[in-house]
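# Analysis of the macromolecular model
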Amino acid sequence: MLIAGHAEARDQIRIVGSSTVYPFTTTVAEQFGKSSGMKTPVVESTGTGGGMKLFCAGVGVGHPDATNASRAMKKSEFEDCQKNGVKDVVEIKVGFDGLTLAQSKQGPAMKLMLGQLFLALAKEVPGSDGKLVANPHKNWSDIDKSLPNVKIEVLGPPPTSGTRDSLHELFMEAGAEQIPAMKALKTADKKAFDKAWKTLREDGAYVEAGENDNVIVQKLEANKNAFGIFGYSFLEENAAKLRGVLLDGAEPNYDNIAGGKYKGSRPLFVYIKKQHVGVVPGLDKFALEYVSNKALGEDGYLAKKGLVTLPKKDLEAVRKSVTGMAPMQAPSS
């Protein structure tokens with residue numbers, strides 16, 4: 001067999017994909033290397049879309065065995081896999097990521113709708129006639145009189161960060177859809193709608209704070225009216241100093257993120273190439289290590305790493321699927 005012959009030359013699992021999932025999969029890979037006696041899998045951060053392209057390109061030693069993803073596989077990607085002979089793909093939902101908007105506990109507590117957050121951060125927003133204009137909002141009270149009369153200042157990730165993608169997809173797009181004029185624009189001109197939620201203002205209201213979240217925490221401590229954007233694990237780590245802002249009525253906490261009630265939550269995945277199981281040594285055992293209690297349990301090492309792990313019943317279903325290496329069905333979209 002072509003794949004068997006080639007795979008004999010490769011005795012190390014290769015994983016690509018999402019930078020968000022990367023630290024969790026790397027931790028599992030290190031644990032697997034220590035406990036299995038096999039080589040520690042190689043994990044590369046290529047982004048979710050880039051990982052899908054590599055993963056779906058074919059079967060054999062030249063192609064990765066698994067890919068990390070910060071969203072579910074798309075129908076088009078699944079079809080690409082099928083076209084290239086990657087017939088059986090095992091989908092593993094490993095947990096959740098929670099994007100949070102946080103502030104100093106010394107500042108006025110805020111509750112926001114995502115539509116208000118869009119109106120605070122988008123470069124262009126609908127004017128009085130519904131047409132897009134340069135964002136005129138200086139203070140939060142300019143958006144809604146019930147909000148504090150303080151300057152809008154939000155520190156967040158730069159374009160190079162995967163968290164920036166989450167900010168656009170989870171907060172800005174969802175926020176734009178809460179505004180009637182933006183919904184009308186989506187119907188009339190989808191390209192203009194997409195450009196609006198993908199473009200943040202550059203007049204100082206949104207501040208790119210780099211990749212170091214500690215810097216954001218220091219700035220929030222120094223300015224009680226400023227806000228910061230980062231993952232839930234970092235908010236939890238700094239719970240003595242910071243509070244999470246309620247968005248659409250839901251607090252960013254473990255239960256709301258795990259239950260999908262919090263709008264900033266998104267499921268994270270790892271996809272395994274079943275045709276490489278039994279050919280690339282240890283691939284099935286690596287998958288089982290990922291869904292073990294010591295990794296994905298409530299007190300497992302991935303929870304300590306900051307992953308919002310799956311509810312118990314969901315983990316049991318995922319573990320059953322991995323044990324049986326059940327191939328996923330074609331996605332609907």
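All figures in this text were calculated on a predicted structure; none of them were measured in a lab.

Cut-off values and rules
Each chain carries its own residue numbering, running from 1 in the written order of its sequence. A pLDDT threshold of at least 70 governs which residues receive local features in this predicted model, and a stricter bar of 80 or more applies before side-chain atom pairs are shown or counted, although totals over entire chains, interfaces and linings include all residues. Based on all heavy atoms of the structure, the side-chain values leave hydrogens and waters out of the count. Relative accessibility thresholds used throughout: buried, under 20% of the residue-type maximum; exposed, over 50%; partly exposed, between the two (1.4 Å probe, protein chains only). The numbering of helices and of strands both runs from the N terminus, where a helix is a DSSP run of H or I of at least 4 residues and a strand a run of E of at least 2. What the arc measures is the spread of directions leading from the helix axis to the C-beta atoms. Salt-bridge detection follows one rule: a side-chain nitrogen of Lys or Arg within 4 Å of a carboxyl oxygen of Asp or Glu. Aromatic contacts are taken between Phe, Tyr and Trp rings whose centres are within 6.5 Å, Trp giving its six-membered ring; a plane angle under 30 degrees counts as stacked, one over 60 as edge-to-face, and the others as tilted. Counting as a charge over the ring demands two things of the Lys NZ or Arg CZ atom: a distance within 6 Å of the ring centre and an angle within 35 degrees of the ring normal.

## Some thoughts on helix α9 (residues 190–198)
Three or more residues of α9 are buried, namely F193, D194, A196 and W197. Mapping the buried residues of α9 onto a view down its axis gives an arc of 160°, with all of them on the same face. For α9, the exposed residues lying more than 90 degrees away from the buried face are K191 and K195.

## Considering the pattern of salt bridges
Oppositely charged side chains can pair when the atoms bearing their charge come close. Applying the stated criterion across every chain yields a total of 14 salt bridges. Salt-bridge contacts for D97 lead to R266; the nearest nitrogen and oxygen are separated by 3.2 Å. Of this pair, D97 sits in strand β4 (residues 89–104) while R266 sits in strand β13 (residues 265–273), and the two are 169 residues apart along the sequence. Considered together, D97 and R266 belong to a single accessibility category, that of buried residues. When the shortest N-O distance is used, the salt bridge between E177 and K186 registers 2.5 Å. Note on K186: relative accessible area 31%, which makes it partly exposed.

## Overview of the packing of aromatic side chains
The final tally for this structure, using the stated rule, is four aromatic pairs. Seen from their ring centres, F269 and Y271 are 5.9 Å apart, and the 25° between their planes marks the pair as stacked. For F269, a relative accessible area of 6% corresponds to the buried category. Judged by its relative accessible area of 0%, Y271 is buried. Ring centres of F286 and Y290 lie 6.0 Å apart, and the angle between their planes is 85°; this geometry places the pair in the edge-to-face category. With F286 and Y290 both in helix α13 (residues 283–290) and four residues apart, the pair spans about one turn of that helix. A relative accessible area of 0% places F286 in the buried class. You can call Y290 buried: its relative accessible area is 0%. The ring of F55 carries K273 above its face, with NZ or CZ at 4.7 Å from the centroid.

All we've got here are geometric facts, nothing functional implied.
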